[in-house]
Number of protein chains: 4
Amino acid sequence: MPIDSLYPKSFASDNHAGTHPDVLAAMARANEGDAPAYGGDRWTREFEDHIKDVFGGAAAGFPVLNGAGANMVGLAGTVGRFDSIICPETAHIATHETGAAERLLGSKLVTVPTEDGKLVPDDIRTRLPVAGVDFEPLPRVVSISQVTELGTCYTPDEIAALADVAHANGMLLHVDGARLANAAAFLKCPLREFTTDAGVDVLSFGGTKNGALAAEAVIVLRPSLTAAIPFLRRQSLQLASKTRFISVQLSTLLTDDLWSRNATHANAMSHRLADGVTDLPGLTIRYPVESNAVFAALPKEAISILQEQFTFHVWDESENVVRWMTAFDTTPEHVDDFIAAIRKVLSP
Amino acid sequence: MPIDSLYPKSFASDNHAGTHPDVLAAMARANEGDAPAYGGDRWTREFEDHIKDVFGGAAAGFPVLNGAGANMVGLAGTVGRFDSIICPETAHIATHETGAAERLLGSKLVTVPTEDGKLVPDDIRTRLPVAGVDFEPLPRVVSISQVTELGTCYTPDEIAALADVAHANGMLLHVDGARLANAAAFLKCPLREFTTDAGVDVLSFGGTKNGALAAEAVIVLRPSLTAAIPFLRRQSLQLASKTRFISVQLSTLLTDDLWSRNATHANAMSHRLADGVTDLPGLTIRYPVESNAVFAALPKEAISILQEQFTFHVWDESENVVRWMTAFDTTPEHVDDFIAAIRKVLSP
Amino acid sequence: MPIDSLYPKSFASDNHAGTHPDVLAAMARANEGDAPAYGGDRWTREFEDHIKDVFGGAAAGFPVLNGAGANMVGLAGTVGRFDSIICPETAHIATHETGAAERLLGSKLVTVPTEDGKLVPDDIRTRLPVAGVDFEPLPRVVSISQVTELGTCYTPDEIAALADVAHANGMLLHVDGARLANAAAFLKCPLREFTTDAGVDVLSFGGTKNGALAAEAVIVLRPSLTAAIPFLRRQSLQLASKTRFISVQLSTLLTDDLWSRNATHANAMSHRLADGVTDLPGLTIRYPVESNAVFAALPKEAISILQEQFTFHVWDESENVVRWMTAFDTTPEHVDDFIAAIRKVLSP
Amino acid sequence: MPIDSLYPKSFASDNHAGTHPDVLAAMARANEGDAPAYGGDRWTREFEDHIKDVFGGAAAGFPVLNGAGANMVGLAGTVGRFDSIICPETAHIATHETGAAERLLGSKLVTVPTEDGKLVPDDIRTRLPVAGVDFEPLPRVVSISQVTELGTCYTPDEIAALADVAHANGMLLHVDGARLANAAAFLKCPLREFTTDAGVDVLSFGGTKNGALAAEAVIVLRPSLTAAIPFLRRQSLQLASKTRFISVQLSTLLTDDLWSRNATHANAMSHRLADGVTDLPGLTIRYPVESNAVFAALPKEAISILQEQFTFHVWDESENVVRWMTAFDTTPEHVDDFIAAIRKVLSP
């Protein structure tokens, strides 16, 4: 992929974007004198307070280095030696982490086919532990992504329903929230409403796709799971020595609703994009546009022509589905240019 | 540990220091527009070129997120399912990574007692694989630290001798170089002389303790080991999505010898410190001061008094040994103030 | 399950049967005086010779303790740290080993839906490694079962075709042969023809379901994989101290074609059973009867009535499919009694 | 090792012996008709009852296939993802299981140097978890061997003292009892007195070295650990399909004190051997003879001459220490012949 092809703006991923200037500025401000390493610093205390403000007083936040790391540390706190994890077939943990779940956790992923990347309670009910069966691992955690990998969102009620089934059967609910901010922006509700209040047990909270440089967090909402996380984070290679620089990124996003402004803007850009092309013949929007991604099927030739000018990924070769993503720094002009190009290619 | 106790300057660890201003500035400059994620960017290409310049054309560099991560990714590329790792008892991988070697690699660490943190060839020779013995794991890698955890350095010849014994017996040599820069500064020789040229196979190259914010690298010097690293890095949770910001830190250190200037300065400060206290009654310097650490035994009461004013770790409670570390930003005034305080406490 | 319900003869599994009297007698004969432990004995030498006779001079046989053990030891010899295993959704390694593949190997199982438990070359071709993709584990081994878990058999040509695709793409072919003898009996060809000669790389060869007390073997057909097996066998808890008693079981089966006689008889009994019920209204044979298993769909009520008199498993609750298995010691009378009962229940 | 060299009787290991005739006879009797697989049979119920009789009503017994397997299954039930195991440097789990503890459990073994293979409470007290330290795994289990690998025994009080320290610090006590019977015979007390009553939490109970063909058991004495064992046993490849043949071996040993008679005899033979040579010049008995092993230092030349006639292992090459073991079927004549040979070699 030629570097120049990313300009004027990549629609390939929200992690093609850089860092929000406020985040960089805060990192520079945190570079004052010495600080205890490994999270013993005051920026990390501030981050922890932010997490309690946002997710409730029982929530405990742990800064980590990347999204797969947040997932593995959080899940490591929930699964034992013979436990399996129920997740959608499209889950990032199942498809994009080079088998870390199997290698690092040693856990079987019980992957569920879905229409839209979302589990429903029956997907759990039909995969419950069976008394007397010891030849299969014991289902112990349900892991969902909010936003899903297909750009869709669970409502708070949908998440609560999954949590209820999980808890009623001795299971926990984990959420991969690499784009949790985008979900809140779409749902127009506090982060807490579809996490803590919905019964989520442990959560990956993403900062990087929301404007951070490299900062994610494991948020533990079930206090009995908290004590293990410091060990698991370090053992899983997710503890920065100069943690202050991770914490301050997250705190900056959580200050004055920067996270929400970034996510709301990114979402608006994907809706603008979808709205601008939805009427085109030969183009079909594949999933409800509920965050900062648009999945569209269009003719293979059109894809090729567009990829000469713009950067984006083909999601499904066999069905000619592409994924277009927007970010906190995607401008209306970027989108309108892209729309114009698409219209030109697809219009008769 | 009260935050204020870190001021004016911590002598507890070189990772209590912040980020070198040139590194921060370069990170800000790298925040221009979009870039491919996961290392497909031009800053990572530049980093890779720097690595070839420094370690030779066959060297391949991979930016990672922290030191334990660099060690685990590099070692994962060398050990199979029933291989053990020979290392000093004091090795970071054996003592400070929460059992990551056992958990993530599944490998037994064969730990060797040493006087000064350094292995000698006979330590390997006496632990060679024994034909017909399948009840022990097969020794496959020798892992040393340069600088060692006791602040000492191997000479290029000493490393070459270890590499020779390892290679002659079907083993590989891994170096944990979290403080590799300090070793080069002490040895007054190019990094390459005691790595590539000495027969090292795979290397963790540390940036964070040398002035980076959070940036380390796995350097593969034996080309047959290279192809596995991208898989291992991602699976081991060590791949940043916005890798450009990791790569640019390392490139900045490798430009205009910033790494060397930082390390040379830090080393000079520890020597200044040692020189300033070595004559004191009741204080014994424990290991040769060969990098940016001073290990000293002194009376328990003196330690207590000093810890009220300065931040540093007790290394060995039972023998009242403390570790004093300097960093790229430790000033002569910091050191002299500390010396004065020590002298005051220990003088009759 | 009441013990008495197993009488007169269980149709639930071929491991409900006891031990063939010749095997027991040979075990008693091997109980003469002392012998070196861990396979250093003459009975194990004899076993190894048998394996070379049957599978070719390059084959190396290793006695192990159970079927899951044979699979895990053999597969451990083929997969590295970031490799995945392609197998049918019905594979024993995927469904009945409590997640051992994920826990002990750390490998992702890429499970393929099939009609009849058998992979075809396109199942591999559509899952080949993709250049540049490091976010998924690397497909490294194809694992099939011969006989499959649905009682079907691959022809030698079908296995050779899978081996060809695997090898052409840098992969290996593993066979779970817990019922390999039954396949040979069905195919009426030497064991070697659909293993060594078909390009199989490593094989689990089952004795227990064929009349042994507890004896399986890992057979390595690709010599470069052999050296690792002693380490892997012991580490995987599959080495008996008094190995002579495992080896002699396998040698007994391999002497005078006892293995073949046992398997041929068991297969004949399942065919007798299928033939005796295939015309019944309301009963459908689900898969081709190609070994010692009959899968049949029949009304739920009929299943309940039959289970009061006979022991067998319901394979698929949702479709009312049962599995009926025969063993080396199932007699025609056992089968005819069972047929009579089925006919009585299902006849109008 | 030439086979013939084992005759007339090996002194190399108690697993060079065959199977006690009563055990073989019972296995043949268990070969009557069908039985449920995987432990659903009546012989396994009998075994479970025997375990409750011997170890108390809260004890739960699980037949497994070998000693390393018993250790790994039992320990897997006690250690979590970041837990370490404290054990003597000589522990079988540390020295003879090809790194299974590290590979299968992922646990660090904290190995303690000892004089005689036995831990003392201070060995635990000096290795307790340290509050706030997350860079080391958390010590969670203490694992001792009874009989130790050096042939010594803990008294019931010594074990109780270890259990007390372990429990007081949130740890569990595991016992590798591959030769538990020999300890009971030496201590002249019931098995229960130094296991259940001493506070042991989980136990490997060995049958194979006591006259079984291949039969060990995991005995869980802390009921909260029981539910996990069926999953762990199967996942760890330690479940026999025809489990009745494992269970019946153990039940036979536990009937009419056969286990005790076998162990008492084996112990008597080692004492006879030690008594017969202890006065010899140049020969030193190394450890107290408290079971069926004699460790002796003698001149290298004497060892060579004796190994031409008798089978035994050199335990420590550097100090010319050999290990002589007796078994349930070692006769006084075997021992006296061996004594005569030793005397001949060593007498002036």
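Residues numbered from 1 in each chain as written. Chains lettered and ligands numbered in written order. Predicted model: local features only at pLDDT ≥ 70, side-chain atom pairs only at ≥ 80, totals over all residues. Heavy atoms only, no water.

A. Representation of the interface of chain B and chain A within the structure. Taken together, the 55 residues of chain B in the interface contact 55 residues of chain A. Of all residues in chain B, Asp34, Leu237 and Lys242 of chain B give up the largest surface area on contact with chain A, accounting jointly for 18% of the area buried on that side. Aspartate 34 of chain A is paired through a salt bridge with lysine 9 of chain B; the nearest N and O atoms lie 2.9 Å apart. Viewed at the interface, chain A and chain B are joined by 30 residue pairs in polar contact (both at pLDDT 80 or more). Contributions of two or more residues to the side of chain B that touches chain A are made by α1 (21-29), α3 (67-76), α5 (100-105), α9 (229-235) and α10 (244-254) of chain B. Split by residue class, the side of chain B that touches chain A holds 23 nonpolar, 19 polar and 13 charged. (Contact = heavy atoms within 4.5 Å. Buried area = accessible area lost by both parts, 1.4 Å probe. Salt bridge = Lys/Arg side-chain N within 4 Å of Asp/Glu carboxyl O. Polar contact = N/O pair within 3.5 Å; in protein donor to acceptor, adjacent residues only side chain to side chain. Helix = DSSP H or I, 4+ residues; strand = E, 2+ residues; numbered from the N terminus. Nonpolar A, V, L, I, M, F, W, Y, C, P; charged D, E, K, R; others polar.)

B. Geometry of the relation of the copies chain B and chain C. Superposing chain B onto chain C takes a rotation of 180 degrees plus a shift of 0.0 Å along the axis, which leaves an RMSD of 0.0 Å. Look at the turn and shift together and you get a two-fold axis relating the two. Measuring from the rotation axis to each C-alpha of chain B, the shortest distance belongs to glycine 80 of chain B, at 3.6 Å. Interface residue correspondence from chain B to chain C reaches 100%, placing this contact among same-surface, isologous pairings. (Least-squares fit on C-alpha atoms with pLDDT ≥ 70 in both.)

C. Examining unusual backbone geometry more closely. Cis peptide bonds are those with omega within 30 degrees of zero, and the linkage from glutamine 146 of chain B to valine 147 of chain B qualifies with -5 degrees. Mapping valine 147 of chain B onto the fold places it in the loop between β4 (138-145) and α7 (156-168). Even without being a glycine, tyrosine 38 of chain A presents a positive backbone phi close to 60 degrees. Within the fold, tyrosine 38 of chain A resides in the loop between α1 (21-29) and α2 (42-55). With phi around 70 degrees, leucine 237 of chain A is a residue other than glycine that occupies positive phi space. Here leucine 237 of chain A lies in the loop between α9 (229-235) and α10 (244-254). Leucine 237 of chain A gets classed as buried once you look at its relative accessible area, which sits at 0%. (Buried < 20%, exposed > 50% of the residue type's maximum accessible area, 1.4 Å probe, protein only.)

D. Representation of the packing of aromatic side chains within the structure. What the rule picks out here adds up to 40 aromatic pairs over all chains. Ring geometry for phenylalanine 55 of chain A and phenylalanine 205 of chain A: centres 5.7 Å apart, planes at 75 degrees, overall edge-to-face. Of the two residues, phenylalanine 55 of chain A is situated in helix α2 and phenylalanine 205 of chain A in strand β6 (residues 202-206); the sequence distance between them amounts to 150 residues. Residue classification places phenylalanine 205 of chain A among the buried positions, given a relative accessible area of 4%. Among the aromatic side chains, those forming a connected cluster through ring pairs are Phe11, Phe310, Phe312, Trp324 and Phe338 of chain A. When the ring centre of tyrosine 38 of chain A is taken as origin, the NZ or CZ atom of arginine 234 of chain A, which lies over that ring, is 4.4 Å away. It is arginine 42 of chain C that lies over the ring of tryptophan 43 of chain C; its NZ or CZ is 4.2 Å from the centre. (Phe/Tyr/Trp six-rings, centres within 6.5 Å; stacked < 30°, edge-to-face > 60°. Lys NZ or Arg CZ within 6 Å of the ring centre and 35° of its normal.)

E. Seen up close, the interface of chain B and chain C. Each side of the interface is counted separately: chain B has 19 residues, and chain C has 19 residues. Here chain B meets chain C over a buried area of about 1,700 Å², counting both sides, of which 56% is carbon and sulfur. At the boundary of chain B with chain C, the tally comes to 2 salt bridges. With a shortest N-O distance of 2.7 Å, arginine 234 of chain C and aspartate 134 of chain B are connected by a salt bridge. Viewed at the interface, chain C and chain B are joined by 10 residue pairs in polar contact (both at pLDDT 80 or more). Those elements giving two or more residues to the side of chain B that touches chain C turn out to be α5 and α9 of chain B. At 5 residues, the largest contribution of residues to the side of chain B that touches chain C is made by α9 of chain B. Its residues assigned to classes, the side of chain B that touches chain C comprises 12 nonpolar, 2 polar and 5 charged.

F. Here's a closer look at α10 of chain A. Residues and elements named next belong to chain A. Judged by how many residues are buried, α10 sits mostly within the fold: 11 of 11 residues are covered. Buried within α10 are the following residues: Arg244, Phe245, Ile246, Ser247, Val248, Gln249, Leu250, Ser251, Thr252, Leu253 and Leu254. Backbone geometry just after α10 places aspartate 256 at a positive phi near 55 degrees.

G. Up close: the sheet that holds strand β7 (residues 216-220) of chain A. All names here are of chain A. Strands sit in the order β1-β7-β6-β5-β4-β2-β3 across an open sheet of 7 strands; the sheet is mixed. Only two strands of the sheet have a single neighbouring strand rather than two, namely β1 (60-64) and β3 (108-112). Put simply, the sheet's adjacent strands are angled 25 degrees from each other on average, direction ignored. Here α2 sits on the sheet and contacts β1, β6 and β7; the angle it forms with β1, its principal contact strand, is near 130 degrees. Sheet strands touched by helix α7 (residues 156-168): β4 (138-145) and β5 (172-177). Its angle to β5, the strand with the most contacts, is close to 145 degrees. (Pairing = 2+ DSSP bridges. Axes fitted to C-alpha atoms, helices over the stretch in contact; angles between N-to-C directions.)

H. Representation of the sheet that holds strand β3 (residues 108-112) of chain B in the model. Residue and element names in this part refer to chain B. Overall, mixed pairing links the 7 strands, which are arranged β1-β7-β6-β5-β4-β2-β3 in an open sheet. Both outer strands of the open sheet, β1 (60-64) and β3, are each paired with one neighbouring strand and no more. If you compare each strand with its neighbour and ignore which way they point, the axes differ by 25 degrees on average. In this structure, strand β5 (residues 172-177) lies alongside strand β6 (residues 202-206), joined through 4 bridges in parallel fashion. Among the inter-strand pairings, glycine 177 is bridged to a residue of β6, identified as phenylalanine 205. Seen against the sheet, α7 touches β4 and β5 and runs at an angle of roughly 145 degrees to β5.

I. How the structure looks around the nonpolar core. Core analysis: the largest hydrophobic core is formed by 119 residues, its most contacted members being Phe55 of chain C together with Phe55 of chain D. Leaving out residues up to four positions away in the same chain, phenylalanine 55 of chain D has contacts with Leu180, Leu191, Arg192, Thr195, Thr196, Leu203, Phe205, Ile219 and Leu221 of chain D. Among the nonpolar cores identified, the runner-up in size contains 118 residues, and Ala181 of chain A together with Met27, Ile159 and Val248 of chain B belong to it. (Core = buried A, V, L, I, M, F, W, Y, C linked by side-chain atoms within 4.5 Å.)

J. Inspection of the relation of the copies chain B and chain A at higher detail. Rotating chain B by 180 degrees about the axis while translating it 0.0 Å along that axis superimposes it on chain A, leaving an RMSD of 0.0 Å. Here 100% of the contact residues of chain B are again contact residues in chain A; the copies associate through an equivalent surface.

K. Looking closely at the side chain of serine 10 of chain D. Checked against the element boundaries, serine 10 of chain D lands in the segment before α1 (21-29). Not counting the four nearest positions on each side in its chain, serine 10 of chain D is found in contact with Asp34 of chain C together with His16, Thr311 and Met325 of chain D.

L. View of the domain arrangement of chain A. All names here are of chain A. If you check the domain split of chain A, you get domain 1 (3-17 + 259-346) and domain 2 (21-256). A straight line from the C-alpha centre of domain 1 to that of domain 2 covers 27 Å. Domain 1 puts 21 residues into the contact, and the matching count from domain 2 is 22 residues. A combined buried area of about 1,900 Å² lies between domain 1 and domain 2, and 55% of that area is made up of carbon and sulfur atoms. Counting the surface domain 1 buries against domain 2, the share from its top three residues, Trp259, Tyr287 and Glu290, is 38%. Aspartate 14 is the salt-bridge partner of arginine 179, the closest N and O atoms lying 2.6 Å from each other. Those elements giving two or more residues to the side of domain 1 that touches domain 2 turn out to be α11 (258-277), β9 (293-297) and β11 (321-325). Here the side of domain 1 that touches domain 2 gets 7 residues from one element, more than from any other, and that element is α11. Counted by class, the side of domain 1 that touches domain 2 contains 11 nonpolar, 6 polar and 4 charged residues. (Domains from an automatic or database assignment.)

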